[in-house]
Amino acid sequence: MAKYFAFNAEHAVDYIKHLIKNGGLDFFKKEAKLTAYEFGDGNLNLVFRVNDESNNSVILKQALPYARCVGESWPLTLDRARIEAEVLVNHGAICSEHTAEVLHYNPELALTVLEDLGHLQILRGAQIKAEQFPLVAEHVAHYLSYTGFYNSDFYLTAQHKKAKVCQFSNPELCQITEDLFFSDPYIIHERNNFPTELSENVASIRNNSALKLAAAKLKAKFLACPQTLLHGDMHSGSIFVDQKTTKIIDPEFGFFGPVGFDIGSFMGNILLNYCAQNARITELAKRRQYQTHLLTCLQDCYTLFEQKWLNLITHHSNDASLATPEFARYYLQQVLQDAVGYCGAELIRRTIGLAHVADIDGIEDSQARLAVQQQTLILGEQLMVNAHSCNNKDDFFALLISLLN
Ligand code: SR1
Ligand code: MG
């Protein structure tokens, strides 16, 4: 059993060579000459690309015993590497077409070897450049509805599901979300991060009791509603794309939680980009055209997610009582109302909480950036407060359009 230590590029090469020699990885030729470099710029982990001389490559990802973005003062469990690998394996068995493939996993070293998706782009970077991906909404809806349904009580026996809830118990990473998503933005906290010019807007968030009630309800559901195995961090940096392909990575925040959380987070990131484009694309016609694409993406994702879930409940449920049409409609209505609320909460926490998005922080003109931040705060607030009145997609989109125009 290898004792944990943090890798450098040389360790990554040695480790992969060792795996090849022992038959633990058949991706490279036995005699391959390997090189590696570290390129991770995420919040938490080390990420190496290991190449051979013909440019075949794999990714070696290693968890650090602390949050990389903060440093050693924020210790963090290495078990997140197990969670990530096991969520990828679970989701990959259900939806291989949209899940990054795990080639090898070592729990002691908290490392995973993954297929290299470097031929694709990270959705966030591409959307910052206003690139369009007409299939991403359908793909995300497919990934979330299939992995959601096949890990839910509609499909699993109660005992099997409860065993999985234990397997995917992820208290430390959940606590990060509980704090950063649902608590910090609504109180004075040193982790919050916003410009002084936004202070009045932040104060109005902290003084809005209806909003704080909505945040508490969403948090309570996140804490105590193990509906399915979530990805847990479905932002645009966790999605690789090209025109035909969508692959999901990084489910280290995975756990059994409310179905609406992942789709809400995804929709929130689409809206963060929508608002950021008000400062990024100066030509009105061009901006409207791109923002229309984003709204179509949002609409497709919401609609297809609902349709696919309903179809799965109707044709593949193993629990006849849960599969009654009335309950299916009731359940999905709740899930989608939750999603609207989580979407709003993502907008707020990415604007004034610890972890921001490059879509907004990368806007150079500080006045234009401020206007975008004010818009995301109002949008997030209104979505959270009015989520319960969104009984269907028409209600949701009517609300959205009223807020965006
Ligand atoms: C300390 S981790 C900050 C954020 O990065 C992750 O990707 C999650 O979104 C988390 O909230
Ligand atoms: Mg991540």
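Remember, it's a predicted structure, so these values are computed and weren't measured experimentally.

Each value, and the rule that gives it
Within every chain, residues take consecutive numbers counted from 1 along the sequence as written. Both sets of labels track the order of writing: A upward for chains, 1 upward for ligands. Per-residue local features are limited, in this predicted model, to residues with pLDDT of at least 70; the limit for side-chain atom pairs, both in listing and counting, is 80 or more; totals at the level of whole chains, interfaces and linings are taken over all residues. Computation of side-chain values covers all heavy atoms of the structure but excludes hydrogens and water. A run of DSSP states H or I qualifies as a helix once it reaches four residues; a run of E qualifies as a strand once it reaches two. Both are numbered from the N-terminal end. In a helix, the anticipated span is given by 1.5 Å times the number of residues less one. Here a residue-residue contact requires only that any non-hydrogen atoms of the pair lie within 4.5 Å. The term polar contact refers here to a pair of N or O atoms within 3.5 Å; inside protein, the definition further demands a hydrogen-donor-capable atom paired with an acceptor-capable atom, and it admits residues adjacent in sequence only when both atoms are side-chain atoms. Lines fitted to C-alpha atoms define the axes, with helix axes restricted to the stretch in contact, and inter-axis angles between N-to-C directions lie between 0 and 180 degrees. Angles below 35 degrees are treated as roughly parallel, those above 145 as roughly antiparallel, those between 65 and 115 as roughly perpendicular, and all remaining angles as oblique. Residues are grouped as follows: Ala, Val, Leu, Ile, Met, Phe, Trp, Tyr, Cys and Pro are nonpolar; Asp, Glu, Lys and Arg are charged; all remaining types, including Gly, are polar. Note on classification: 1.4 Å probe, protein chains only; a residue is buried when its accessible area is under 20% of the maximum for its type, exposed when over 50%, partly exposed between these limits. Domain start and end points were adopted from an automatic or database domain assignment. The term buried area refers to how much accessible surface (probe radius 1.4 Å) is lost by two components on association, counted for both of them together. The term salt bridge refers to a side-chain nitrogen of Lys or Arg lying within 4 Å of a carboxyl oxygen of Asp or Glu. If DSSP finds at least two bridges between two strands, the strands pair. Within 6.5 Å between ring centres, the rings of Phe, Tyr and Trp (the latter by its six-membered ring) count as paired, and their orientation is classed by plane angle as stacked under 30 degrees, edge-to-face over 60, tilted in between. Should the NZ of a Lys or the CZ of an Arg lie within 6 Å of a ring centre and within 35 degrees of the ring normal, that charge is described as sitting over the ring. Residues are labelled near a given molecule or strand when at least one of their non-hydrogen atoms is within 4 Å of it. Surface accessibility follows the Shrake-Rupley procedure with a 1.4 Å probe radius. Residue values consider only the protein chains on display as shielding.

S.K.: Describe helix 8 (residues 209–223), and please don't skip the residues or the numbers.
M.R.: An α-helix turns once every 3.6 residues. As a result, residues three or four positions apart point the same way. In this model helix 8 runs 21 Å from its N-terminal to its C-terminal C-alpha over 15 residues, within 8% of the 21 Å that 1.5 Å per residue would give. Along its buried surface, helix 8 packs onto helix 6 (171–183), helix 7 (199–206), helix 9 (260–280), helix 11 (325–352) and helix 13 (366–386). Capping the start of helix 8, Asn208 holds a side-chain oxygen 3.2 Å from the backbone nitrogen of Ala210, two or three residues further along.

S.K.: An account of the packing of helix 6 against helix 8 is requested, with residue identities and associated values reported.
M.R.: Following both chains from N to C, one finds helix 6 and helix 8 inclined at 170°, their axes separated by 10 Å at the closest point. Overall, the two elements helix 6 and helix 8 adopt an arrangement that is roughly antiparallel. Between helix 6, through Cys174, Thr177, Glu178, Phe182 and Ser183, and helix 8, the contact on the second element is made entirely by Ala215, Leu218, Lys219, Phe222 and Leu223. Residues belonging to the contact of helix 6 with helix 8 are distributed by class as follows: 6 nonpolar, 2 polar and 2 charged.

S.K.: Got a sec to walk through the environment of His119? Specific residues and values, please.
M.R.: Along the chain, the position of His119 falls in the loop between strand 7 (111–115) and strand 8 (121–122). In this structure His119 comes out as exposed when scored by relative accessible area, which is 61%. His119 sits 122 residues away from Val241 along the chain, and the two C-alpha atoms are 9.1 Å apart.

S.K.: Now, about the domain arrangement of the protein chain: what can you tell me, with residues and values included?
M.R.: The domain architecture assigned to the protein chain consists of domain 1 (9–115) and domain 2 (121–404). If you average the C-alpha positions of domain 1 and of domain 2, the two centres end up 27 Å apart. Each partner contributes to the interface: domain 1 provides 26 residues, whereas domain 2 provides 30 residues. Across the interface of domain 1 and domain 2, roughly 2300 Å² is buried in total on both sides, 62% from carbon and sulfur atoms. Of all residues in domain 1, His91, Ile94 and His98 bury the most surface against domain 2, accounting for 27% of the area lost on that side. On the surface where domain 1 and domain 2 come into contact, there are 3 salt bridges. Across the salt bridge formed by Lys61 and Asp250, the nearest N and O atoms sit 2.4 Å from each other.

S.K.: Quick one: what's the story with the side chain of His142, residue by residue and with numbers?
M.R.: Tracing the backbone through its elements, the reader meets His142 in helix 4 (residues 136–150). Of the polar contacts made by the side chain of His142, one reaches the side chain of Glu97; its length is 3.4 Å. If sequence neighbours within four positions are ignored, His142 has contacts with Cys95, Glu97, His98 and Lys308.

S.K.: Report on the sheet that holds strand 7, specifying residues and quantitative values.
M.R.: Reading across from one edge, 1-2-3-7-6 is the order of the 5 strands in this open sheet, with antiparallel pairing throughout. Of all strands in the sheet, those with a lone pairing partner are strand 1 (35–38) and strand 6 (102–106), marking the two edges. Here the strands of the sheet are splayed against their neighbours by 20° on average, with no regard to which way each runs. In the sheet, strand 6 pairs with strand 7 via 4 bridges, with the strands oriented antiparallel. Note on strand 7: the bridge partner recorded for Asn106 is Leu111. The strands touched by helix 1 (residues 9–21) within the sheet are strand 1, strand 2 (45–51), strand 3 (57–63), strand 6 and strand 7, with strand 1 carrying the most contacts at an inclination of about 135°. Relative to strand 6, helix 2 (residues 79–94) is tilted by about 150°, and along the sheet it contacts strand 2, strand 3, strand 6 and strand 7.

S.K.: Run through the side chain of Gln277, naming residues and quoting values.
M.R.: You can see Gln277 is positioned in helix 9. Separated by 2.9 Å, the side chain of Gln277 and the backbone oxygen of Gln127 make a polar contact.

S.K.: I'd like a rundown of the packing of aromatic side chains, residues and numbers included.
M.R.: On inspection of all chains with the given rule, the structure shows 28 aromatic pairs. Between Phe181 and Phe182 the ring centres are 4.9 Å apart and the planes differ by 40°, which places this aromatic pair in the tilted class. Looking at Phe181, the relative accessible area reads 1%, which means it is buried. Ring-pair connections join several aromatic residues into one group, and the members of that group are Tyr146, Phe149, Tyr150, Phe154, Tyr155, Trp309, Phe327, Tyr330 and Tyr331. One cation-aromatic arrangement involves Arg49 over Phe39; the distance from NZ or CZ to the ring centre is 4.7 Å.

S.K.: Let's hear about the site of ligand 1: which residues, and what values?
M.R.: With respect to spatial proximity, the complete set of residues near ligand 1 consists of Asn43, Leu44, Cys69, Trp74, Leu180, Asp233, His235, Phe253, Arg349, Arg350 and Ala355. Here an oxygen atom of ligand 1 and a side-chain polar atom of Asp233 are 2.5 Å apart. Contact distances for ligand 1 include 3.2 Å between an oxygen atom and a side-chain N or O atom of Arg350. Across the complex, the protein chains shield 95% of the 320 Å² of accessible surface that ligand 1 would expose by itself.

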